[in-house]
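# Coordinates in review
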Amino acid sequence: MYVEVVFPLPFRKAFTYSVPKDLSAQVKVGVRVIAPFGRRTITGFVTNKTKITNLKEEIKSIVDALDEKPIVDKNGLKFYKWLADYYLCSFGEALKLAMPYGSEVESKRKIIPDQKACAHLLSKEKNKSSTKGTILKVLSEKKEISLSRLQKLVKKKNIYSSLRTLQQQGIITLLDFLNSPKVKAKTVNYVKLNKKIGEIYSVFPELERRSPKQLKLLLELINAKGAGLPVAELLHKTSSSKSSIDSLAAKGFVKIYQQEIDRRYVEQYREEHRKLNLSKRQNKVFEEVLNEIKIEKFRTFLLHGVTGSGKTQVYIELTKKVIEQDKTALILVPEISLTPQITSRFYNVFGDEVTVLHSRMSPGERYDSWRRIFKRKSSVVIGARSALFAPLKNLGLIVVDEEHDASYKQGDMIPKYNARDSAIVLARFQNCPVVLGSATPSIESMYNAQSGKYKLLEIPDRIDEAKLPLITLVDVNKERKKKKMENIFSKTLLNKIEERLKRNEGVIILQNRRGFSTQIYCTDCGEVEICDNCSVPMVYHINKNNIQCHYCGLIKTVPNACTNCGSLQLKYFGTGTERVEDELEFYFPNVKMSRIDSDSISKKSSLSKILLSFGNAEVDVLVGTQMVSKGLDFSRVTLVGVISAETTLWLPDFRADERTFQLLTQVSGRAGRSKNPGEVIIQTQNEKHFALQMVLNKNYKGFYQKEIADREKMEFPPFARIALIETKEQSNEKAKGAILGFYNELKKFKNWMKISSPSPAIISKLKGQYRYQILIKSSKETDAGGKVMRKAILDSFVEFNRKSRYKDVRLFFDVDPQSLI
């Protein structure tokens, strides 16, 4: 028996292995196996199984199988194959997304050096900064080190020949060992009665006299009516010791055994369950989607409903119908900030049928959630983009809430997929409808709806007769001239905040920047304090009294003088959420306030606790980044203030206007979601800007019409497919050489698409690596599905690898990028 196995590595082919007889029944297509690959042993996926092979060379055997049943079925394999082809990664890299987090097995290589011998060789080495010199220096200082750690310290991957030489000289020993999975099922000691109750009662008098603690334990176990109890819990409840249970076990009265427990993520946020009836508009949307659910037909719906129109309730009612048909539902939300409220509402209706998946969960909780879904113990999954790969069977509905949100795009890891677009393809393979919901649909989605590719559904009004808030633009330049500015606040906004606080109503303040000051500037030499690893300014954090880089995480002490010229004339510019919070505390000293940004909600459940306090009127004002603009639904919020509308507007990106319109419309929608009218104050330096005027007039259609005309003129999506090719390398020369080498191959295809000349990225250095980019545009008129563009990239990549002296530099392909920065 032979199998084809793919690995989560950048190789675009499968590798053939033989299957030992004892594993032949277990090894099936879609099962993970452990197999030798080069110098190591790693986890891969079986994609094909056959009894014959045409290979002549020696065929290695797989070591073990990790799964009893396939974790990816035939439809799943088709989906991951599409993902790999579309986003230009290997099949194995795509399938890695299907693996439960931390469950893969991989061999590691450990190096045990003779430190004295390494130091002696180093002293003889002429060029101590060479690769060999660096290796010897590291090994002379370490008793043992992993290969991967040594590669990082040497800043070079290919050090095998140097290590082989040292091994042959007897100076180092190389050890290979298999790492256990990072997470596995958790078991706990349980105890239960092992004899009939009558027999146990007969020894009570003796136990009462000699061992009262043992009697106490038995009484608790009798109360459990035959069920087992966790040993730790029982000992704590009865204030007993483990020796008491051991004595009872030795006498045969109780049995101690191990039981697997389910690590469930418990959301701290709770809402009262309210029975809601759908309005006429909501019901019309519900019926449209329900028709497709009943006939198990794929169709994409774009639900354009204003903020507060009750989209979540529509999702809940549709999910009820899906469960009635013995099917499952997948609800995607863009960020962790949306999860507490929507999760609470689904839990209120579906109870333990709901499983949550997101990055704030512990590895054990994520693993147990995955297993719960795999074993079909959950029929509703809610989570951020990675929940798309949950092992749900028999899908009946996919919902992508806030479909316009950029965080659905994976930008850091390979494959760089878009969860919204991938969800549509998954629904097609599963023959189920997909609902894309938003108050501010992306330009691409609305274009697809207008052209008939998607079915457009609209809810133009808020529920419960609530009205959309009154929006006011405040020009801070004019206010400053009139002396109506108090630092970063206009008097208009401060007065409105004061009014709301007197009425005990909720206030949300948006400033889409973290920290206190966003840059430190020297007035003598004009230099800004820049990160050592990235070409971005360091941000001052007053709470921790340090400066931080928000890209690489570098932390430094606050400089007393300019690091460039030594001048003491330093100015702190820009406004972050910490400064907003600090100034509000000055103007309203007795106000209860909380901040929501990635600094303040890093601890588990901290966001849920803040939202719970805000909902219960224990907190009056929420200050935050774009997190406060998404999904928050509190009837007590009647005022939203925006400190600076320009934080996203001035970005050099073709989606900057769209992002600004969406952010401001979404955050405005947090106000006035009940009978109390809402108001929004937006501070700006450019009140006449088109995007801001459209926000002011609540005119999505007007914004869409102008934006779609601009996109067509500039040949951007939805009229063209775009891809971003990027090189990243610690050597500027190598990064530049690699992008030029790739461009020379790619430009052969310039008759079929537009290819920009290579240029440094807008953030030209990131995490110590220099970045260069090429932007490709391929018209949808001639290349509707992007096949021509993808073929050009892959063919150029093959030629680049064959010819270039910079082929060791990693190239990154980003199909349909959400940002060009």
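Residues numbered from 1 in each chain as written. Predicted model: local features only at pLDDT ≥ 70, side-chain atom pairs only at ≥ 80, totals over all residues. Heavy atoms only, no water.

## Quick look at the confidence of the model for the chain
In the predicted model, the chain carries a mean pLDDT of 90, and 99% of its residues have values of at least 70. Looking across the chain, the model is least confident in strand E8 (residues 172-179), with a mean pLDDT of 75, and most confident in helix H17 (residues 443-450), with 97. (pLDDT = per-residue confidence, 0-100. Helix = DSSP H or I, 4+ residues; strand = E, 2+ residues; numbered from the N terminus.)

## As for the sheet that holds strand E26 (residues 555-557)
One open sheet accounts for three strands, arranged E24-E25-E26; its pairing is antiparallel. Because the sheet does not close on itself, it has two edges, and the strands there are strand E24 (539-541) and E26. The average undirected angle you get between the axes of adjacent strands in this sheet is 35 degrees. (Pairing = 2+ DSSP bridges. Axes fitted to C-alpha atoms, helices over the stretch in contact; angles between N-to-C directions.)

## Observations concerning the packing of aromatic side chains
Counted by the stated rule, this structure contains 34 aromatic pairs. Measuring from centroid to centroid gives 5.8 Å for Phe516 and Tyr540, while their planes differ by 75 degrees, and the two rings are edge-to-face. Residue Phe516 is located in the loop between strand E22 (506-510) and strand E23 (519-522), and its partner Tyr540 is located in strand E24; the two are separated by 24 residues in the primary sequence. Per residue, the accessibility class of Phe516 equals that of Tyr540, and both read buried. Relative to Phe813, the ring of Phe742 lies with its centre 6.0 Å away and its plane at 35 degrees, an arrangement referred to as tilted. Highlighted residues: Phe742 in helix H25 (residues 732-746) and Phe813 in strand E36 (residues 811-815), separated in sequence by 71 residues. For Phe742, a relative accessible area of 0% corresponds to the buried category. Within the aromatic cluster, the residues linked to one another by ring pairs are Phe79, Tyr80, Trp82, Tyr86, Tyr87, Phe389 and Tyr417. When the ring centre of Phe253 is taken as reference, the NZ or CZ atom of Lys195 above it lies at 4.8 Å. For the cation-ring pair, Lys728 lies above Phe812, with the distance from its terminal atom to the ring centre recorded as 4.8 Å. (Phe/Tyr/Trp six-rings, centres within 6.5 Å; stacked < 30°, edge-to-face > 60°. Buried < 20%, exposed > 50% of the residue type's maximum accessible area, 1.4 Å probe, protein only. Lys NZ or Arg CZ within 6 Å of the ring centre and 35° of its normal.)

## Let's talk about helix H19 (residues 491-502)
With 12 residues, H19 should reach 16 Å at 1.5 Å per residue; the first-to-last C-alpha distance of 16 Å fits that figure. Every buried residue of H19 is accounted for by Leu493, Leu494, Lys496, Ile497, Arg500 and Leu501. For H19, the angular spread of buried residues about the axis comes to 165 degrees, placing them on one side. After H19 finishes, the residue Asn504 shows a positive phi value of roughly 60 degrees. (Expected span 1.5 Å × (residues − 1). Arc of directions from axis to C-beta.)

## Points about the nonpolar core
Phe79, Tyr80 and Ile398 are the most contacted members of the largest nonpolar core, which totals 110 residues. The residues contacting Phe79, other than those within four sequence positions of it, are Leu388, Phe389, Ser422, Val425, Leu426 and Phe429. Within the second largest apolar cluster, 26 residues are counted, among which are Val285, Phe286, Val314 and Val322. (Core = buried A, V, L, I, M, F, W, Y, C linked by side-chain atoms within 4.5 Å. Contact = heavy atoms within 4.5 Å.)

## Quick word on unusual backbone geometry
Going from Ile414 to Pro415, the amide bond is cis rather than trans, its omega being 0 degrees. In this structure, Pro415 sits in the loop between strand E16 (395-401) and helix H16 (419-430). The amide bond that connects Pro717 to the next residue, Pro718, takes the cis arrangement and shows omega of 10 degrees. One can find Pro718 in the loop between helix H24 (700-714) and strand E32 (720-729). In the Ramachandran plot, Lys155 falls in the positive-phi region, its phi being about 65 degrees despite a non-glycine side chain. Considering the arrangement of structural elements, one finds Lys155 in the loop between helix H5 (147-154) and helix H6 (160-168). Of note, the phi angle at Asn431 is positive, near 55 degrees, even though the residue is not glycine.

## A closer look at helix H22 (residues 656-668)
In this model, H22 (13 residues) spans 18 Å end to end at C-alpha, consistent with the 18 Å of a helix rising 1.5 Å per residue. Across the 13 residues that make up H22, a large majority, 11, are buried. Those residues of H22 that sit buried are Ala656, Glu658, Arg659, Thr660, Phe661, Gln662, Leu663, Leu664, Gln666, Val667 and Ser668.

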